[in-house]
Amino acid sequence: MSDPTQRVYDSILDMLSGPENPTPLLRLNRVSPFKHAKVYAKLEWYNPFGAVKDRVAANLLRDAEERGQEFENLVEPTSGNTGMGLAMLSNAKGYKFTATLSLAIPAEKRAALRAFGANLVELSDELCPMPGAPEGAMARATQMGSQSGWHQLNQYKNPANPDAHFRTTGPEIWKQTQGTITHFVAGLGTCGTITGSGRFLKSQNPGIKVLGVHPAEGHDIPGVRSLRQLKLADFFKPEEYDGLVEIDNKEAYALCRRLNQEESVIAGPSSGMALAGAFKLIPDEPGVVAVVIFPDNAFKYTSSFRKHWPELFPAQAAAPVASPASDILNAVQRHAENSPDVISPADTVELVRQGAVLLDVRTVKEYEDGHIEEALNVPLASITEGSAQGLPADRSQTIVTICGIGKRSLSALLLLKAQGYEKVKSSRGGMLLWNEEKHPLKIT
Ligand SMILES: Cc1ncc(COP(=O)(O)O)c(C=O)c1O
């Protein structure tokens, strides 16, 4: 007796969204600065497991099953929402699910994944797993997925990710707006949403503008990627989009709060970001009908709100909160990221010229594949174990650490400081930024 028009479903799987069972489209009346343009939010937390990524999880699995892939265990690098969808679909379909993910993901999201039955492998990585980070979530998932009886769906490379939106999100919006949509706006993570929905909408009307919103470098908005991170994403197709805009933490969180308080919409931070971008990109003209994707709701972002709105936590603000060691280490790492000890590649060049010791803390293999001539290879693992060779005897010697993307160098900085080295710096963005900014591989 499943009948989506009555919201009656015989199985949780029937609740997955599609043109006959769409997520709501809500007109925003209060926060919009426009006189003429109509702005609609597509409320993706109405998907059965709470986020836009349920569509992707379902389509990745459907695709693997239809191809006849055989597996009992699924593994996926995920910043949370795809994991939630896959965990729940695995429960429904009888698979075991493992998520590899960054320790920087909010604790409440990790707890929810565990509560949903997922096995977690937590690693030092960026909020959104970074391709090319050899010790990161992606590499670990690839390694685990290659075991017999295991399968990695790989939302970052699998065309079934954008295809989920080509089959569902795009057609839903086309139908819900009765073909009147003129502008489509989405925040950018894997870029499955913008690329798949954008392709569908343009196939119906090539005049529809497809617009992307990304966070600023060093952002704190779970689920989305900065331009530097996007350049490594397979489905980032700027040539298919009609506009891109950058939004900073402050703008995103401010609009998120206004959505909550003025519009009574329980949107999360990345919805605030997408809408802030929409307001910058959409022209205020008669006939404009814009649809903005709101990926998920506010309830899993307690940690983010604690950081951006400490006044919401008056009792805890006074008393120290008991925290597991990983959360403390995580916080140390986050504070260190913003400390003056994290320096630009240009400042690294300057310090090395002045006699600083440059330590490349990547693995021997990575170092051998290309390094700065002056850099000494002291892998992070050897510093952690206390077996590092080549560290200066003089604890007052200036040291600069560098790695692939600036994460391991930060851990090395903290470890060296804990060992009594007084002047340790970490080169921001690692070799990735070094090469992007075209600094030479020989400094002096
Ligand atoms: C929570 C969340 N997940 C995912 C995404 C991005 O979707 P996609 O990976 O399809 O680019 C967003 C975009 O704003 C998001 O906020």
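The rules behind these values
- Residues numbered from 1 in each chain as written.
- Predicted model: local features only at pLDDT ≥ 70, side-chain atom pairs only at ≥ 80, totals over all residues.
- Heavy atoms only, no water.
- Helix = DSSP H or I, 4+ residues; strand = E, 2+ residues; numbered from the N terminus.
- Rg over C-alpha atoms; globule rule 2.2 N^0.38 Å.
- Areas by Shrake-Rupley, 256 points an atom, 1.4 Å probe, with all protein chains shown as cover.
- Axes fitted to C-alpha atoms, helices over the stretch in contact; angles between N-to-C directions.
- Parallel < 35°, antiparallel > 145°, perpendicular 65-115°, else oblique.
- Contact = heavy atoms within 4.5 Å.
- Nonpolar A, V, L, I, M, F, W, Y, C, P; charged D, E, K, R; others polar.
- Buried < 20%, exposed > 50% of the residue type's maximum accessible area, 1.4 Å probe, protein only.
- Lys, Arg positive; Asp, Glu negative; His and termini not counted.
- Salt bridge = Lys/Arg side-chain N within 4 Å of Asp/Glu carboxyl O.
- Polar contact = N/O pair within 3.5 Å; in protein donor to acceptor, adjacent residues only side chain to side chain.
- Pairing = 2+ DSSP bridges.
- Near = heavy atom within 4 Å.
- Domains from an automatic or database assignment.
- Phe/Tyr/Trp six-rings, centres within 6.5 Å; stacked < 30°, edge-to-face > 60°.
- Lys NZ or Arg CZ within 6 Å of the ring centre and 35° of its normal.
- Left-handed = near helix turned anticlockwise from the far one by under 90°.
- Core = buried A, V, L, I, M, F, W, Y, C linked by side-chain atoms within 4.5 Å.

Trainee: A description of the overall build of the chain should follow, citing residues and the corresponding values.
Mentor: Within the chain, the regular secondary structure consists of 17 helices and 15 strands. Over its C-alpha trace the chain gives a radius of gyration of 23 Å, about what one expects of a compact globule, namely 22 Å for 444 residues. Dimensions of the chain along its principal axes, counting C-alpha atoms only, are 75 × 55 × 50 Å. Carbon together with sulfur atoms contributes 53% to the accessible area of the chain, which is approximately 19,200 Å² in total.

Trainee: So what about the packing of helix α8 (residues 249-262) against helix α9 (residues 269-281)? Which residues, and what values?
Mentor: One can describe the packing of α8 onto α9 by two numbers: an axis separation of 7 Å at closest approach and a directional angle of 100°. When the axes of α8 and α9 are compared, the pair comes out roughly perpendicular. Each of Glu251, Ala252, Tyr253, Leu255, Cys256 and Leu259 in α8 lies in contact with α9, whose residues at this interface are Pro269, Ser271, Gly272, Met273, Leu275, Ala276, Phe279 and Lys280. The class makeup of the residues in the contact of α8 with α9 is 10 nonpolar, 2 polar and 2 charged.

Trainee: Let's hear about the side chain of Lys53: which residues, and what values?
Mentor: Position of Lys53 relative to the elements: it lies in helix α1 (residues 53-66). Within the buried core, Lys53 has no salt-bridge partner, and the shortest N-O distance to an opposite charge, that of Glu76, equals 8.3 Å. Of note is the side chain of Lys53, whose polar atom sits 3.2 Å from the side chain of Gln155.

Trainee: A description of the environment of Val424 should follow, citing residues and the corresponding values.
Mentor: The residue Val424 is located in strand β15 (residues 424-427) in this model. Measuring from C-alpha to C-alpha, the distance between Val424 and Pro77 comes to 32 Å, with 347 residues separating the pair along the chain. Dropping the residues within four chain positions of it, Val424 is found in contact with Asp341, Ile399, Thr401, Leu413, Leu416 and Lys417.

Trainee: Before we move on, could you go through the sheet that holds strand β6 (residues 150-152) and cite the residues and values that matter?
Mentor: On the basis of which strands lie adjacent, the open sheet formed by 4 strands has the order β5-β4-β3-β6 and parallel pairing. Only two strands of the sheet have a single partner each, and these edge strands are β5 (119-123) and β6. Taking each pair of neighbouring strands and ignoring which way they run, the sheet shows an average axis angle of 20°. Taken together, the 3 bridges between strand β3 (residues 73-77) and β6 define a ladder with parallel strand orientation. For Asn73, the partnering residue across the bridge sits in β6 and is Trp150. With respect to the sheet, helix α2 (residues 81-93) is in contact with β3 and β4 (96-102), its orientation differing from that of β4 by roughly 170°. Lying over the sheet, helix α3 (residues 107-115) contacts β4 and β5, oriented at roughly 150° with respect to β5.

Trainee: How would you explain the sheet that holds β15 if you had to name every residue and give the values?
Mentor: On the basis of which strands lie adjacent, the open sheet formed by 5 strands has the order β11-β15-β14-β12-β13 and parallel pairing. Among the strands making up the open sheet, the edge pair consists of β11 (342-343) and β13 (376-377). Examined bridge by bridge, strand β12 (residues 357-360) and strand β14 (residues 399-402) share 4 bridges and lie parallel to one another. Following the sheet pairing, Leu358 is matched in β14 by Val400.

Trainee: Can you break down the site of the ligand residue by residue, with the values?
Mentor: Among the 16 residues in the neighbourhood of the ligand, the closest are listed as Lys53, Thr190, Cys191, Thr193 and Ser270. At 2.7 Å, a backbone N or O of Cys191 approaches an oxygen atom of the ligand. For the ligand, an oxygen atom lies 2.6 Å from a polar atom in the side chain of Thr193. Relative to its unbound accessible surface of 390 Å², the ligand loses 97% to contact with the protein. Of the residues belonging to the shell around the ligand, the class tally is 6 nonpolar, 8 polar and 2 charged.

Trainee: So what's going on with the domain arrangement of the chain? Which residues, and what values?
Mentor: Taken as a whole, the chain is organised into domain 1 (22-338) and domain 2 (340-436). Domain 1 and domain 2 are separated by 33 Å when their C-alpha centres are compared.

Trainee: An account of the packing of aromatic side chains is needed here, citing residue identities and associated values.
Mentor: One pass over the structure, following the stated rule, counts 7 aromatic pairs. Between Phe166 and Phe200 the ring centres are 5.5 Å apart and the planes differ by 80°, which places this aromatic pair in the edge-to-face class. In this pair, Phe166 sits in helix α5 (residues 160-176) while Phe200 sits in helix α6 (residues 192-204), placing the two residues 34 residues apart along the sequence. Assessed through its relative accessible area of 12%, Phe200 is described here as buried. Members of the aromatic cluster, connected to one another through ring pairs, are Tyr253, Phe305 and Trp309. Lying over the aromatic face of Trp309, Arg257 brings its terminal NZ or CZ to 4.7 Å of the ring centre. One residue, Arg306, lies across the ring of Phe313, its end atom 4.7 Å from the ring centre.

Trainee: Can you lay out the packing of α1 against α2 for me, pointing to particular residues and giving the numbers?
Mentor: α2 packs onto α1 with a crossing angle of 50° between their chain directions and a minimal axis gap of 8 Å. Looking at the two axes, α1 sits oblique to α2. Relative to α2, α1 is oriented so that their crossing is right-handed. Side by side, α1 and α2 meet where Lys53, Asp54, Ala57, Ala58, Leu61 and Glu65 of the first sit next to Asn81, Thr82, Gly85, Leu86, Leu89 and Lys93 of the second. A breakdown of the residues in the contact of α1 with α2 according to their chemical character gives 5 nonpolar, 3 polar and 4 charged.

Trainee: Explain the nonpolar core to me, and be specific about the residues and the numbers.
Mentor: A general tendency of soluble globular proteins is for nonpolar side chains to be buried together. Core analysis: the largest hydrophobic core is formed by 38 residues, its most contacted members being Leu28, Leu275, Ile282, Val292, Phe294 and Phe305. Where this core is concerned, the elements lending two or more residues are β2 (38-43), β8 (209-215), β9 (243-247), α8, α9 and β10 (289-294). The biggest single contributor to this core is α9, with 6 residues. With sequence-adjacent residues up to four places away left out, Leu275 is seen in contact with Leu28, Val31, Val39, Leu255, Leu259, Val292 and Phe294. Core analysis: the second largest hydrophobic core is formed by 24 residues, Tyr95, Ala118, Leu153 and Ala164 among them.

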